[in-house]
Amino acid sequence: MSVIDNAGFCIFLSIIGGVALAIQSTINGAAGMKVPGNIVSYATFLGGTILSMIIWLGESKGATNLDYRTELGNSPWYAWMGGLCGAFYVFTIIIMIPRHGVGICVALSVVAQMVMAMIIDNYGFMGNTTRDYTVYRGISTIGFALGVTLIMRY
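Each chain carries its own residue numbering, running from 1 in the written order of its sequence. Totals for whole chains, interfaces and linings use every residue, but because this is a predicted model, local features are given only for residues with pLDDT of at least 70 and side-chain atom pairs only at 80 or more, for both listing and counting. Only hydrogens and water are set aside when side-chain values are computed; all heavy atoms of the structure are taken into account.

Engineer: So what exactly am I meant to see when it comes to the overall build of the chain here?
Structural biologist: Counting from the N terminus, the helices are DSSP H or I runs at least four residues long and the strands are E runs at least two residues long. Helix and strand counts for the chain come out as 6 helices and 0 strands. Considering only C-alpha atoms, the chain reaches an extent of 55 × 45 × 30 Å along its principal axes. Contacts are assigned to residue pairs that have any heavy atoms within 4.5 Å of one another. Of all intrachain contacts in the chain linking residues separated by at least 6 positions in sequence, the fraction that spans at least 24 positions is 57%. Surface summary for the chain: the accessible area is close to 11,200 Å², and the carbon and sulfur share equals 71%. Asp and Glu count as negative and Lys and Arg as positive, but His and the ends of the chain are not part of the count. For charged residues, the charge sits on one atom: NZ in Lys, CZ in Arg, CG in Asp, CD in Glu. One finds the centroid of the 7 positive side-chain charges in the chain at a distance of 18 Å from the centroid of its 6 negative side-chain charges. Throughout, the Shrake-Rupley method with a 1.4 Å probe supplies accessible areas, and for residues the shown protein chains are the sole cover considered.

Here you go:
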């Protein structure tokens, strides 16, 4: 059993990922006040590319047994859209944080992610397992949105 199969570790990793996203947003917003946004975005993705390569090399040990051309060619078209979505998010954060602050921008981003995640779960978009949008999920989503409204107001 891999450590990735451990639910507690996955929860911990998700929390650390959320913290990293808030920190990244803060850094990008601060950098966007000093230099053009496209340079900040380039630096962000270059750093991410380097870290991804290091992790891939460590994790796969070079993965000489995989046929990458076949595997990449068999990927659905939307598998290539993640970078575009990430770039749009980074540009949005660079523009919005200096004007509205980290708390509001991250809170709005998180509630938007939550709503979209519920839609993806409910309909099983992009090959994901279907999870019904129950009354409890609806109440939670409304509570989340109300919390963001309070953050924005006060």
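Having seen the model, we can carry on.
Engineer: For this particular structure, what's the right way to read the pattern of salt bridges?
Structural biologist: Any two side chains of opposite charge can pair, given that their charged atoms come close. The salt bridge definition used is simple: a Lys or Arg side-chain nitrogen within 4 Å of an Asp or Glu carboxyl oxygen. Enumeration according to the criterion identifies 1 salt bridge in this entry. For aspartate 121, the salt bridge identified is with arginine 137, shortest N-O distance 3.4 Å. Placement of aspartate 121 in helix H5 (residues 102–123) and of arginine 137 in helix H6 (residues 135–153) is noted, with a sequence separation of 16 residues between them. Think of it in three bands: residues with accessible area under 20% of the maximum for their type are buried, residues over 50% are exposed, and the middle band is partly exposed, with areas taken using a 1.4 Å probe on protein chains only. Judged by relative accessible area, aspartate 121 falls into the buried class, the value being 19%. Since its relative accessible area comes to 15%, arginine 137 is described here as buried.

Engineer: Before we go on, may I ask you to explain the environment of glycine 101 in this structure?
Structural biologist: Mapped onto the elements of the fold, glycine 101 is located in the loop between helix H4 (82–100) and H5. Overall, the relative accessible area of 25% leaves glycine 101 in the partly exposed class. It is 9.8 Å that separates the C-alpha atoms of glycine 101 and methionine 152, two residues lying 51 residues apart in sequence.

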